[in-house]
Amino acid sequence: VNVTHIPDLDGEGGVKGFISLISDISNRKATEKMKDEFVSVVSHELRTPLTSIYGALKLLVTSPQSGLSEEDREMLNIAVTNTDRLVRLVNDVLDLERIESGKIQMVKQPCDAGNLIQEAIEVMQPMAKAGNITLIAEPISIIINADGDHIHQTLTNLLSNAIKFSPPHSSVWVTVDNLEDEVLFKVIDTGRGIPADILGSIFERFKQVDASDSRDKGGTGLGLPICYKIIEEHGGRIWADSEFGKGSTFYFTLPKSGLSSSEKLSL
Ligand code: ADP
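Because the structure is predicted, anything quoted here is derived from the model rather than measured.

Caption draft 1: Region of the structure containing the packing of aromatic side chains. Under the counting rule described, the total for this entry stands at 4 aromatic pairs. Their ring planes at 10 degrees and their centres at 4.5 Å tell us that Phe185 and Phe252 sit as a pair that is stacked. Within this pair, whereas Phe185 is found in strand E7 (residues 182-189), its partner Phe252 is found in strand E9 (residues 247-255), the two being separated by 67 residues in sequence. Centroid distance Trp239 to Tyr251: 4.9 Å. Interplanar angle 10 degrees. Geometry classified as stacked. Of this pair, Trp239 sits in strand E8 (residues 238-243) while Tyr251 sits in strand E9, and the two are 12 residues apart along the sequence. On the basis of relative accessible area, Trp239 is assigned to the partly exposed category, the value being 30%. Connected via pairs of aromatic rings, a cluster forms that spans Phe203, Tyr228 and Phe250.

Caption draft 2: Region of interest: the side chain of His150. Tracing the sequence through the fold places His150 in helix H4 (residues 148-164). A relative accessible area of 12% means that His150 is categorised as buried. Not counting residues up to four positions away in its chain, the partners in contact with His150 are Ile99, Ile104, Met106 and Ile230.

Caption draft 3: Looking closely at a nonpolar patch on the surface. On the surface, Phe38, Val39, Val42 and Leu46 cluster together into a nonpolar patch covering about 330 Å² of accessible area. With respect to the helices, strands and loops of the structure, Val42 is situated in helix H1 (residues 26-62). Take Val42: its relative accessible area is 35%, and that puts it in the partly exposed class.

Caption draft 4: The arrangement of the pattern of salt bridges in detail. Per the counting criterion, the structure on display carries 7 salt bridges. Here Arg88 and Asp84 are joined by a salt bridge, their closest N and O atoms 3.6 Å apart. Of this pair, Arg88 and Asp84 both sit in helix H2 (residues 70-100), 4 residues apart, which is roughly one turn of the helix. Judged by relative accessible area, Arg88 falls into the partly exposed class, the value being 33%. Note on Asp84: relative accessible area 27%, which makes it partly exposed.

Caption draft 5: Representation of a negative patch on the surface in the model. Together, Glu70, Glu71, Asp72 and Glu74 give the surface a local cluster of negative charge. Here Glu71 shows up in helix H2.

Caption draft 6: Examining the site of the ligand more closely. Residues in close proximity to the ligand total 22 residues, the closest being Asn161, Gln208, Asp213, Thr220 and Leu224. In this structure, a nitrogen atom belonging to the ligand sits 2.9 Å away from a side-chain N or O atom of Asp189. Here Leu224 contributes a backbone N or O atom positioned 2.8 Å from an oxygen atom of the ligand. Compared with its free state, where it exposes 530 Å², the ligand has 98% of that area covered by protein. Mapped by element, the contributors of at least two residues to the shell around the ligand are H4, helix H7 (223-233) and E9.

Caption draft 7: Inspection of the side chain of Asp112 at higher detail. Mapped onto the elements, Asp112 comes out in strand E3 (residues 109-112). Of the buried charged residues, Asp112 lacks a salt bridge, with Lys256 as the closest side chain of opposite charge at 13 Å. With sequence-adjacent residues up to four places away left out, Asp112 is seen in contact with Ile140, Ser141, Ile142 and Ile143.

So, how was this worked out
Residues numbered from 1 in each chain as written. Predicted model: local features only at pLDDT ≥ 70, side-chain atom pairs only at ≥ 80, totals over all residues. Heavy atoms only, no water. Phe/Tyr/Trp six-rings, centres within 6.5 Å; stacked < 30°, edge-to-face > 60°. Helix = DSSP H or I, 4+ residues; strand = E, 2+ residues; numbered from the N terminus. Buried < 20%, exposed > 50% of the residue type's maximum accessible area, 1.4 Å probe, protein only. Contact = heavy atoms within 4.5 Å. Patch = residues over 30% accessible without salt bridge, like charges linked within 9 Å, V, L, I, M, F, W, Y side chains within 5 Å. Areas by Shrake-Rupley, 256 points an atom, 1.4 Å probe, with all protein chains shown as cover. Salt bridge = Lys/Arg side-chain N within 4 Å of Asp/Glu carboxyl O. Lys, Arg positive; Asp, Glu negative; His and termini not counted. Charge placed at Lys NZ, Arg CZ, Asp CG, Glu CD. Near = heavy atom within 4 Å. Polar contact = N/O pair within 3.5 Å; in protein donor to acceptor, adjacent residues only side chain to side chain.

This is the structure:
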């Protein structure tokens, strides 16, 4: 049940008492569950045929024997780009649903934050080079208790956004600070930034600064909600700071509580 207390005012600014509203939300919860399951099943069923369509189109467009005219190739390239986006969208929907429903659990073990950052930078290097952007991170070693694959996914999502929304010849920094009870990661860019009225809801599904962001930049609008869930599952926090037109900084923390005292001492 959901309980809401509404103040009963006396007309002169005072409170006479409270009216309590008790509503049974089990039906709503069941409907939400059905909706999530439906999205999950549909996405799952879409994934295999979409992946095969993508593979076939890609083969056709890259094969020297296909004898395509320039015009045909252009049309096919549009189909490849859009199928690729659909495959990523379906994968992101499934990812988010699996983490939210607890089907994917975070497998936490001691790992080095410095290594995770270097690995994420390596993976994102081709995208950064294509946009003429320099990725910068100081070599550092800090042991954290985390699911390395999922923190890698969080870092690559944040880096991919930072690169997408930065101008050519700029830099993106990744830093990590060793605080008393937690470790603080920052991904800093000097790009387009996020307006103040959107900043508070930027981690919601399909929230975008500009309606054309997913079309022009190839995003799915689910990257940040996935990061949010991953960090929440670790018992950490994630948030963003930004000045529109000047750049953004995305922060996330991971608690040190899962580390043994000897691991904490070695920090
Ligand atoms: P997408 O797949 O569209 O990037 P995200 O959930 O990762 O989805 O991000 C949602 C939106 O937040 C983006 O489309 C963009 O409008 C905005 N955004 C995210 N990161 C940044 C950033 N570093 N700089 C400017 N805008 C950003």
